[in-house]
Protein chains: 2
Amino acid sequence: MTATLAEGPICPAPLVKIDRVQLGHGSGGKMSAALLRDLFLLHFGNETLSRLADAAVVPVEGGEIAVSTDSFVVNPIEFPGGTIGSLAVHGTLNDLAMMGAIPRYLSSAFILEEGLPFERLDRVVADMALAARKAGVLIVTGDTKVVERGKADGLYVNTTGIGMLDPVLRPRPDAVHPGDVLLVSGPLAQHGMAIMAAREGLAFETEIRSDSACLVPLVDLLRGDLAPAIRAMRDPTRGGLASALNEIAASSGVGVLLDEAQLAIPGPVAAACEVLGLDPLYVANEGMLAAFVAPDRAEEALARLRSHPLGAQASIAGVAVAEHVGLVVLRTRLGSRRVVDMLPGDQLPRIC
Amino acid sequence: MTATLAEGPICPAPLVKIDRVQLGHGSGGKMSAALLRDLFLLHFGNETLSRLADAAVVPVEGGEIAVSTDSFVVNPIEFPGGTIGSLAVHGTLNDLAMMGAIPRYLSSAFILEEGLPFERLDRVVADMALAARKAGVLIVTGDTKVVERGKADGLYVNTTGIGMLDPVLRPRPDAVHPGDVLLVSGPLAQHGMAIMAAREGLAFETEIRSDSACLVPLVDLLRGDLAPAIRAMRDPTRGGLASALNEIAASSGVGVLLDEAQLAIPGPVAAACEVLGLDPLYVANEGMLAAFVAPDRAEEALARLRSHPLGAQASIAGVAVAEHVGLVVLRTRLGSRRVVDMLPGDQLPRIC
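From a predicted model like this one, the values you see are computed outputs, not experimental measurements.

(A) Spotlight on the sheet that holds strand E7 (residues 155–164) of chain A. The five strands lie next to each other as E6(A)-E5(A)-E7(A)-E2(A)-E1(B), forming an open sheet whose pairing is mixed. Among the strands making up the open sheet, the edge pair consists of strand E6 (138–147) of chain A together with strand E1 (56–60) of chain B. Between one strand and the next, the sheet's axes are offset by a mean angle of 20°, whatever the strand orientation. Examined bridge by bridge, strand E2 (residues 63–72) of chain A and E7(A) share eight bridges and lie antiparallel to one another. The residue of E7(A) that forms the bridge with Ser71(A) is Asn158(A). Strands in contact with helix H2 (residues 30–44) of chain A are strand E5 (102–113) and E6 of chain A; relative to E5(A), the strand with the most contacts, it is inclined by about 150°. Its contacts with the sheet put helix H5 (residues 118–135) of chain A on E5, E6 and E7 of chain A, and the angle it makes with E5(A) is roughly 175°.

Shown next as structure tokens:
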């Protein structure tokens, strides 16, 4: 062995400062290691992740766990009220919460486009770390791939979440009975319209903020003695409230009667929907939940939701009925009724 | 309610057969539901997934679980020896296996490019389902997003895996001692060169097949009484054997002496490396493992690996030493020695 070997190899300092993602950052070599250390670990750092093993080892109680995965491709990756980073945390945690689960761990896998400025990536990752910290979950394992310029759109990220099941709160989309009351926790269509306004450069862009939020604290209010009364829960993301209610109606074999007068739609959101010709019932929400609750406990559930800032505008927005099974019918402000079907395809692509 | 309502809405039949992914397939509406039902559930179908809940509920024993995530962006998505679908199963299961874990569940999240022919998607998903079935793991939850033409490259897929920990087999990258013996389970560089040959349209394209395989059966042979002797394990994917050994050398604070004569490189793979000017030590493998084993059990571990078709060409390829700590040194066939450092960036982008 020569002295040079014992001292370790010499790595030449780069002549230009690297301020953008390069293909080499996805190589599994030194550049990958630097990206991981100087960016991801800096923000996500915790004991489990820092081990950088092939897989994270995490403790769970025995029995059953809940698992949910989502890839996020929202465009733009930064928008009023959030970034793709916090959205990726909220989206997956909310999916777990809608099963009544208590989220504990997240994985995070990035697909980066060559040329993405590190400054943007840093903001997204910092926002993701903050969202996870606020929610009390650990990002325990991750992955980073890089694709050539023009083969992604800035970045995509996948989060997979693991949660512990609540022993009592076990809502199911097929457990709704006629007479169950529909609670909606907040105003409609804010996330989708914030994205659209940002994308289209609409004048009211700055007025509309995404509602992107972690719904776990709201769900926590429904645990315990109220839990058996919570029949079904959904956070109406892609496809909006209309699609979520249609799925529940079909699964449970009930009809849903929805009361337009009880659905809050903020002024600028309504105006943006008007301009773009969109129906707020189909626009994505990322910090709102819809729950069907046994009729005798509905007022109590409503009061609990309203006790939290995220649920301040919660309302009784409808009821499950034995008629028009599988269909959602809207009672309009004018008193007429119309079927709120599922859309075949997109109103708004790449909203989450 | 009118009779029309009770009968359900009428959905007009499309006038042209849809044979490619459209943006609407990522909408969360009827097209999404059809894609899920007619393609993903058809291939992946199991009781848990078919519930189509926000999260999958799966039983686990208490204690600790292993979690691993990987996004796959390999180009092309079909190659000799596999597809991005089977690769996404093998890659994540192998990461779990390298921790000694017993894989049980997978999530699967697709990002599809608008215009992707369903025929290709179907082949990928079928291949993925087959790989999962062979490995005895369930795909329990999933997600599908669609991005515009030119914003992805056919498709990307993320898999996240959950495994149960082996009570005894707990290899760690920092547990290697000087004297521990390095076993390599098979020939080098087959996956990376299969991809490169397919991508570049090289003449030997058809001769080189990816080694993409699930390593769990091989790891299973090392459980039980042998388990305490297995110090560290890695499947050398991106960055190849060189990078994996460098990481172990650094983590464990040992040197690694690698014996070129004991590393198998198939003829066409060596020829392709020659043509493209690539070092097989840095080329990705997807069905090969490297393990450091306590010296007194190394022969036994080697014999067990060789008893399985995946390990038929297993060899003792090196040893951990107290010298040149943190460095991997190759003893060449000619008897000279050279440092095998980690590369800064990529030899081969988008290999997995």
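(B) Structural detail: the domain arrangement of chain A. All names here are of chain A. Along its sequence, chain A is carved into domain 1 (43–164) and domain 2 (181–339). Computed from C-alpha atoms alone, the centre-to-centre distance between domain 1 and domain 2 is 25 Å. Taken together, the 20 residues of domain 1 in the interface contact 21 residues of domain 2. Note on domain 1 versus domain 2: buried area summed over both sides is about 1,700 Å², and carbon and sulfur give 62% of it.

(C) View of the relation of the copies chain A and chain B. Once turned by 180° and shifted 0.0 Å along the axis, chain A lies on chain B with an RMSD of 0.0 Å. Such a combination of turn and shift is consistent with a two-fold rotation axis. Minimal C-alpha separation from the rotation axis in chain A is found for Gly62(A), amounting to 1.5 Å. The fraction of interface residues of chain A whose copies in chain B are also interface residues reaches 99%, indicating that both copies meet through the same surface.

(D) How the structure looks around the pairing of strand E11 (residues 290–293) of chain B. Residues and elements named next belong to chain B. Taking every second residue as pointing to the same face, both faces of E11 are buried, with Ala 290 and Phe 292 on one and Ala 291 and Val 293 on the other. Pairing geometry for strand E8 (residues 181–184) and E11, over four bridges, is antiparallel. Residue Leu 183 lies in a different strand from E11, and its bridge partner there is Ala 291. Relative to E11, strand E9 (residues 230–234) is paired through four bridges, and the arrangement is antiparallel.

(E) Seen up close, H2(A). All names here are of chain A. Given a rise of 1.5 Å per residue, 15 residues ought to cover 21 Å, and the 20 Å separating the end C-alpha atoms of H2 matches this to within 8%. Maximum bend of H2: about 35°, positioned at Leu 36. Those residues of H2 that sit buried are Met 31, Ser 32, Leu 35, Leu 39, Phe 40, Leu 41, His 43 and Phe 44. Residues of H2 that are buried make contact with helix H3 (47–50), E5, H5 and E6.

(F) Focus on the interface of chain A and chain B. Listed by partner, the interface residues are 78 residues for chain A and 77 residues for chain B. Together chain A and chain B conceal approximately 6,500 Å² of surface at their shared face, both sides included; 61% is due to carbon and sulfur atoms. Counting every contact that joins chain A to chain B gives twelve salt bridges. The salt bridge partner of Lys145(B) is Asp70(A), with a shortest N-O separation of 3.3 Å. Viewed at the interface, chain B and chain A are joined by 35 residue pairs in polar contact (both at pLDDT 80 or more). It is E2(A) that contributes the most residues to the side of chain A that touches chain B, nine residues altogether.

Quick notes on the rules
Residues numbered from 1 in each chain as written. Chains lettered and ligands numbered in written order. Predicted model: local features only at pLDDT ≥ 70, side-chain atom pairs only at ≥ 80, totals over all residues. Heavy atoms only, no water. Pairing = 2+ DSSP bridges. Helix = DSSP H or I, 4+ residues; strand = E, 2+ residues; numbered from the N terminus. Axes fitted to C-alpha atoms, helices over the stretch in contact; angles between N-to-C directions. Contact = heavy atoms within 4.5 Å. Domains from an automatic or database assignment. Buried area = accessible area lost by both parts, 1.4 Å probe. Least-squares fit on C-alpha atoms with pLDDT ≥ 70 in both. Buried < 20%, exposed > 50% of the residue type's maximum accessible area, 1.4 Å probe, protein only. Expected span 1.5 Å × (residues − 1). Bend = angle between axes of the 7 residues up to and from the residue. Salt bridge = Lys/Arg side-chain N within 4 Å of Asp/Glu carboxyl O. Polar contact = N/O pair within 3.5 Å; in protein donor to acceptor, adjacent residues only side chain to side chain.

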